[in-house]
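Remarks on the overall topology
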Amino acid sequence: MTPAPARSPRVFGRGSWPEARRIADVLRKETIGGVLLLAGAVAALVWANSPWADSYESVRSFTFGPEVLHLNLPVGTWAADGLLAIFFFVAGLELKREFVAGDLRDPRRAAVPIAAAVGGVIVPAVLYLVINLAAGEGDGKGWAIPTATDIAFALAVLAVIGRCLPHTMRTFLLTLAVVDDLLAIAIIAVFYTASLSLLPLLGALLPLAAFTVLVQRRVRSWWLLLPLAFAAWTLMHASGVHATVAGVLLGFAVPVLRSRRAGGPQAGPGLAEHFEHRFRPISAGIAVPIFAFMSAGVAVGGLGGLGSALTDPVAVGIVVGLVAGKPIGITAATWLVTRFTRAKMDTGFAWIDVFGMAVLAGIGFTVSLLIGELAFGIGSERDDHVKVAVLAGSLTAALLATVILRLRNRTYRRIHDAETADANRDNIPDVYQQDVAGHPAGSLNETRNSPQP
């Protein structure tokens, strides 16, 4: 048989059907998590600006934990360092799976979302630095705050916009956010480690190595894995490196594909997907909403306080970075990929669609708030301004994206109907059958034998 010709990468191009089903399941869970995240953030804002604001601060500053392990920490720190470690563990699992068995394993398909994510990190950071360096009272420490996209928040907005947004656009946003998470993790580890204790850092490698050996042997026993994970997290926290990095490294250690002895990739999901199914609901439904509740509460102080916060150069840099930097960076990087490679826009889409999704990627919340706390300190005045700016910038990006994407609703409905049509009722949309016949998404064996969700 003559091999299928190499297909040039496509912006909003379809992947394989098994991967599309898996991503659809991820998107459903993240959308529910986004709704809970928004509920937690709103509840925190209402409480922090109510007559009972002191009780909110009392809850957030209440300390508990074993003093002997130097873990007698405030509730707010437990939420940022502890619960978000679960979020980053799931992010590590998703990252590894995408690059080992997902559509990003193909460098041609990975080129567009990776370039878009890099552009969406660089441009907001540059705009933030320009604004703060030009202002006499600016502060450059928060340059990374507007670089992160909150996928749960963004998907919650998409759920409100409408159900007919093409699946490929949602997948593009998810893939971009996955790469965005990897960049954010690297930024936190490299640029926001204030002091480094080498001995605990080296000590963290021991439980991490033991965890790796066990999961590589496909051990699933929680009573073995959980103490090792906690030990790695504790030592990472003691080293000065942000403890959530331990969550990412633990996620990277988990194998994606089944071993040959267990039947190989064709036999079903690997251990990474098993853990992802177990921990994603905990991350999206518990960890991230509680972090939002513990971090988003800021006393605005009426219109005067809001105006004072939003005129701080730090806040201006964040809002400009999220609302302008993200769409400019993502759109420009995507255009450059299509300009200097064989990448093309998929049939039915236009550059306004890329720009609309890029504006939506300006919704930053979870990681943005975390970086703000690392840069300026929990409870500081600048940290409060960061929270106001992240909320204002994210809300503005959400409203602008809603307007842009709604203008194309008729086109999206037509593409969505084509994506979901199943005339022969075999539970596989016809477009994926056509892709197999024409080889644009891979060979028949690739489509049928891709790791199943």
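Residues numbered from 1 in each chain as written. Predicted model: local features only at pLDDT ≥ 70, side-chain atom pairs only at ≥ 80, totals over all residues. Heavy atoms only, no water.

The next thing to look at is the overall build of the protein. What the protein contains, in helices and strands, is 18 helices and four strands. Here the protein has a C-alpha radius of gyration of 22 Å; the compact-globule value for 453 residues is 22 Å, and the two agree. In terms of overall dimensions, the protein has a C-alpha envelope of 70 × 50 × 40 Å along the principal axes. By the burial criterion, 52% of the 453 residues in the protein qualify as buried. Surface accessibility of the protein: about 19,800 Å² in total, with carbon and sulfur atoms responsible for 66%. On the protein, the mean spot of the 37 positive side-chain charges and the mean spot of the 32 negative ones are 10 Å from each other. (Helix = DSSP H or I, 4+ residues; strand = E, 2+ residues; numbered from the N terminus. Rg over C-alpha atoms; globule rule 2.2 N^0.38 Å. Buried < 20%, exposed > 50% of the residue type's maximum accessible area, 1.4 Å probe, protein only. Areas by Shrake-Rupley, 256 points an atom, 1.4 Å probe, with all protein chains shown as cover. Lys, Arg positive; Asp, Glu negative; His and termini not counted. Charge placed at Lys NZ, Arg CZ, Asp CG, Glu CD.)

With that settled, the discussion passes to the pattern of salt bridges. On inspection of all chains with the given rule, the structure shows ten salt bridges. With a shortest N-O distance of 3.9 Å, Asp-139 and Arg-382 are connected by a salt bridge. Remark: Arg-382 occurs in helix α15 (residues 381-407) and Asp-139 occurs in the loop between α4 (107-134) and α5 (151-161); sequence separation between them is 243 residues. Judged by relative accessible area, which is 22%, Arg-382 ranks as partly exposed. Of the charged contacts in the structure, one is a salt bridge between Arg-280 and Glu-276, with a shortest N-O distance of 2.5 Å. Of this pair, Arg-280 and Glu-276 both sit in helix α10 (residues 271-295), four residues apart, which is roughly one turn of the helix. (Salt bridge = Lys/Arg side-chain N within 4 Å of Asp/Glu carboxyl O.)

This next bit is on unusual backbone geometry. The phi dihedral of His-70 is positive, around 60 degrees, even though this residue is not glycine. Among the structural elements, His-70 can be located in the loop between β2 (63-64) and β3 (73-74). The phi torsion at Arg-218 lies on the positive side, around 65 degrees, for a residue other than glycine. Mapped onto the elements of the fold, Arg-218 is located in the loop between α7 (198-216) and α8 (222-239).

Turning to the packing of helix α14 (residues 366-376) against α15, a few remarks are in order. Packing of α14 against α15 leaves a shortest axis separation of 9 Å and a crossing angle of 160 degrees. On the basis of their axis angle, the class for α14 and α15 is roughly antiparallel. In the packing of α14 onto α15, the handedness of the crossing is right-handed. Counting all contacts with α14, which are made through Ser-368, Leu-369, Gly-372, Glu-373 and Phe-376, the residues of α15 involved are Arg-382, Asp-383, Val-386, Lys-387 and Val-390. Each residue belonging to the contact of α14 with α15 can be placed in one class, and the counts come to four nonpolar, two polar and four charged. (Axes fitted to C-alpha atoms, helices over the stretch in contact; angles between N-to-C directions. Parallel < 35°, antiparallel > 145°, perpendicular 65-115°, else oblique. Left-handed = near helix turned anticlockwise from the far one by under 90°. Contact = heavy atoms within 4.5 Å. Nonpolar A, V, L, I, M, F, W, Y, C, P; charged D, E, K, R; others polar.)

For the rest of this paragraph, the subject is helix α2 (residues 53-61). When we look at burial in α2, the residues that qualify are Ala-53, Tyr-56 and Arg-60. Down the axis of α2, the buried set is contained in an arc of 55 degrees. They therefore lie on one face. (Arc of directions from axis to C-beta.)

With their axes 8 Å apart at the nearest point, helix α12 (residues 313-340) and α15 run at an angle of 25 degrees to one another. Taken together, the axis directions place α12 and α15 in an arrangement best described as roughly parallel. Here α12 and α15 pass one another in a crossing that is right-handed. Where α12 abuts α15, its residues Pro-313, Val-314, Ala-315, Ile-318, Val-319, Leu-322 and Val-323 lie against Arg-382, His-385, Val-386, Ala-389, Val-390, Gly-393, Ser-394, Thr-396, Ala-397 and Leu-400.

As a further point, take the packing of aromatic side chains. Inspection of the entire model under this criterion finds 13 aromatic pairs. An aromatic cluster is built from Phe-62, Phe-64, Trp-78, Phe-230 and Trp-233, whose rings are joined through pairwise contacts. Between the NZ or CZ atom of Arg-339 and the centre of the ring of Phe-340, over which it lies, the distance is 5.2 Å. (Phe/Tyr/Trp six-rings, centres within 6.5 Å; stacked < 30°, edge-to-face > 60°. Lys NZ or Arg CZ within 6 Å of the ring centre and 35° of its normal.)

Within the largest apolar cluster, 88 residues are counted, with the highest numbers of intra-cluster contacts made by Phe-12, Phe-88, Leu-173, Ile-318, Leu-360 and Phe-365. For this core, the element with the highest residue contribution is helix α6 (residues 167-191), accounting for twelve residues. Phe-89, Leu-93, Leu-208 and Phe-211 belong to the second-largest nonpolar core, a separate cluster that totals 15 residues. (Core = buried A, V, L, I, M, F, W, Y, C linked by side-chain atoms within 4.5 Å.)

Our next topic: the confidence of the model for the protein. On average, residues of the protein score 85 in pLDDT, and 91% of them reach the 70 mark or higher. Scored below 50 in pLDDT, residues 439-453 shows 36 contacts in the model against residues more than four places distant or in partner chains. (pLDDT = per-residue confidence, 0-100.)

This paragraph deals with the environment of Ala-91. For Ala-91, the position within the fold is in helix α3 (residues 75-100). Measuring from C-alpha to C-alpha, the distance between Ala-91 and Phe-252 comes to 9.2 Å, with 161 residues separating the pair along the chain.

A word on helix α13 (residues 351-360). For an α-helix, the turn length of 3.6 residues means that residues three or four places apart are oriented alike. Burial within α13 is extensive, with seven of its ten residues counted as buried. Buried within α13 are the following residues: Asp-353, Val-354, Gly-356, Met-357, Ala-358, Val-359 and Leu-360.

Once that is clear, we can look at the environment of Ile-352. Of note, Ile-352 is situated in helix α13. Judged by relative accessible area, which is 38%, Ile-352 ranks as partly exposed. Measuring from C-alpha to C-alpha, the distance between Ile-352 and Thr-331 comes to 9.4 Å, with 21 residues separating the pair along the chain. Sequence-distant contacts of Ile-352, that is, excluding residues within four places in its chain, are made with Ile-404 and Arg-408.

This part takes up a nonpolar patch on the surface. Together, Phe-99, Leu-182, Leu-249 and Phe-252 make up an exposed nonpolar region whose accessible area comes to about 290 Å². One can find Phe-252 in helix α9 (residues 244-253). Given a relative accessible area of 32%, Phe-252 falls into the partly exposed group. (Patch = residues over 30% accessible without salt bridge, like charges linked within 9 Å, V, L, I, M, F, W, Y side chains within 5 Å.)

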